[in-house]
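Take a look at the letters that make up each chain.
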Amino acid sequence: MRTVYICEEASIAKQLQLETPTTSSRHINLNGVPIAHVTLTERSDHKYRNHILEQILSNQTGSIMTLRFAAEASIPVHQPRRNIWIPWCSDKIFLNWLFVLTGRSRNIYPHYFFMKCRLQNKMHIPKNHFLAVLEGISQMPDHLMSVPNLAALFGLSDRQLRKSFPQYFGVSPGKLLRAIVLFRQTLALMDEEHKIEQNGNKRHGQSPLARLEIETNFNFSERLKRLIGIEYRELLSAAQNDHWATLWMKKWREAIAAKHLD
């Protein structure tokens, strides 16, 4: 299926035109055109948004609408079907998010898992360093994802980090790191599942999940259920009709909301 982006944000649209040859503008005739991913701002015209959503829901399995909220705004816990909302982030990071959803990137930034993004912080950390650490987390290998390592990057004690982090991002640092690792692994699994599906569903004994659990030496499905309340088989089943990331992020928001929202 050809990927078509419909984007109202000029800065993002320009980057998409440079990096994605199949980019289309909002003036595209939607009827009969495969729409894979749509980026919209919260300022979108209501009728236009509804028209886009109607096309997606009626015609395109695996399609999603995704947008970033304004700076300082908290992400609503419950998002509409086939929607993924993320907190404010730079154009670079949001563009990467689009590429993650379309399988063009596996670089997962922590920003995607926040419930809010209050960068005017009181942790007495220079803003440039603060942002650099957040970006650095995306490059951190799974085996180094720990609260002590993260605290050391920020220049804080474990106690300071555990106390301050939820205030500004709506999620504890430990849970955030677990989410990044499991989302990375889910992304890899779904990529393998897609390749098998393209091969005519002929598994020949192949099990991406079994291979991952042997390689990483832990029960991925059990950890996923502890984190967001669903097992891998449920996620895989849902992915037959919707983009898997919509269910993943929906469950993630619900899992952290009660404990970490102000």
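Note that residues are indexed from 1 along each chain, following the sequence as it is written. Where totals are concerned, whole chains, interfaces and linings use all residues; where local detail is concerned, this predicted model gives features only for residues with pLDDT of at least 70, and gives and counts side-chain atom pairs only at 80 or more. The basis for every side-chain value is the complete set of non-hydrogen atoms in the structure, without hydrogens or water.

S.K.: Explain the packing of aromatic side chains to me, please; I cannot follow it from the model alone.
M.R.: How two aromatic rings sit relative to each other is given by the distance of their centres and the angle of their planes. Aromatic contacts are taken between Phe, Tyr and Trp rings whose centres are within 6.5 Å, Trp giving its six-membered ring; a plane angle under 30 degrees counts as stacked, one over 60 as edge-to-face, and the others as tilted. Applying the stated criterion across every chain, the model contains 17 aromatic pairs. A ring pair is formed by F113 and W252, whose centres lie 5.9 Å apart and whose planes are at 90°; its orientation type is edge-to-face. A residue pair is termed long-range when its members are at least 10 positions apart, and F113 in the loop between α3 (91-101) and α4 (127-137) and W252 in helix α11 (residues 244-260) qualify at 139 residues. Given the relative accessible area of 0%, W252 is considered buried. When the centroid spacing of 5.8 Å and the interplanar angle of 20° are considered together, the rings of F130 and F169 count as stacked. Taken together, the positions of F130 in helix α4 and F169 in helix α6 (residues 158-169) put the pair 39 residues apart, joining distant regions of the chain. According to the relative accessible area criterion, F130 is buried, its value standing at 1%. Starting at the N terminus, helices and strands are each numbered in turn, a helix being any DSSP run of H or I of at least four residues and a strand any DSSP run of E of at least two. Accessibility here uses a 1.4 Å probe with only protein chains present; expressed as a share of the type maximum, an area under 20% marks a residue as buried, one over 50% as exposed, and anything in between as partly exposed.

S.K.: Sorry if this is basic, but what is going on with the nonpolar core here?
M.R.: Across soluble globular proteins, nonpolar side chains have a tendency to be buried as a group. Buried Ala, Val, Leu, Ile, Met, Phe, Trp, Tyr and Cys residues form a nonpolar core when they are joined through side-chain atoms within 4.5 Å. Counting residues in each nonpolar core, the largest one holds 70 residues, and the members touching the most others are F113, F154, F183, W248 and W252. The element contributing the most residues to this core is helix α7 (residues 173-198), with 10 residues. With residues near it in sequence (within four places) discarded, W248 still touches F113, A179, L182, F183, T186, L224, L227, I228 and L235. It only takes one pair of heavy atoms within 4.5 Å for two residues to be counted as in contact.

S.K.: What should I look at first to understand the side chain of S221 in this one?
M.R.: Relative to the elements of secondary structure, S221 occurs in helix α9 (residues 220-228). Looking at S221, the relative accessible area reads 14%, which means it is buried. Excluding residues that lie within four positions of it along the chain, S221 makes contacts with E213, I230, E231 and Y232.

S.K.: Would you mind going over the confidence of the model for the protein with me for this structure?
M.R.: Low pLDDT means the predicted atomic positions in that stretch should not be read closely. Scored from 0 to 100, pLDDT reflects the predictor's confidence in each residue. Averaged over all residues, the pLDDT of the protein is 79; the fraction at 70 or higher stands at 75%. Mean pLDDT in the protein bottoms out at helix α2 (residues 46-59), which sits at 66, and peaks at helix α5 (residues 147-154), which reaches 92. Taken together, the stretch residues 23-34 has pLDDT below 50 and engages in 27 contacts with residues farther than four places along the chain or on a different chain.

S.K.: Quick question: what am I supposed to make of the pattern of salt bridges here?
M.R.: Two side chains bearing opposite charge may form a pair once their charged atoms approach each other closely. Salt bridge, as applied in this entry: a Lys or Arg side-chain nitrogen positioned within 4 Å of an Asp or Glu carboxyl oxygen. Enumeration over the complete set of coordinates arrives at 9 salt bridges. Residue E222 pairs with R226 through a salt bridge whose shortest N-O separation is 2.8 Å. With a gap of 4 residues between them, E222 and R226 both fall in helix α9, about one helical turn apart. Judged by relative accessible area, which is 57%, R226 ranks as exposed. The closest approach of N and O atoms between R233 and E231, which form a salt bridge, is 2.8 Å. Several salt bridges converge on common partners, so that one network encompasses K225, E231 and R233.

S.K.: I keep staring at the pairing of strand β3 (residues 83-86) and nothing clicks. Help me out?
M.R.: Working note: regular strand, side chains alternate between the two faces of the sheet. Burial of the side chains of β3 extends over both faces: N83 and W85 are buried on one face and I84 and I86 on the other. Where strand β2 (residues 64-68) lies against β3, 4 bridges are found, and the strand directions are parallel. Looking at the pairing, M65 lines up with N83 of β3. Only when DSSP finds a minimum of two bridges between them are two strands counted as paired.

S.K.: In this structure, what is going on with α4? I would like to understand it.
M.R.: The α-helix winds at 3.6 residues per turn, so residues separated by three or four positions along the chain end up facing the same way. Taken as a whole, α4 has its buried residues at F130, V133, L134 and I137. Down the axis of α4, the smallest arc covering the buried residues is 100°, so these residues share one side. Our arc is simply the arc of the directions from the helix axis toward the C-beta atoms.

S.K.: How should I be thinking about the side chain of Q79 in this particular structure?
M.R.: With respect to the element layout, Q79 can be found in the loop between β2 and β3. By relative accessible area, Q79 is classed as buried at 8%. As used in this structure description, the phrase polar contact means that two N or O atoms lie within 3.5 Å; if the pair is within protein, one of them must be able to donate a hydrogen and the other to accept it, and residues adjacent in sequence are counted only when both atoms belong to side chains. In this structure the side chain of Q79 is engaged in a polar contact, spanning 2.8 Å, whose partner is the backbone oxygen of N83. Here Q79 is in contact with I84, W85, T246, M249 and K250, once residues within four sequence places are set aside.

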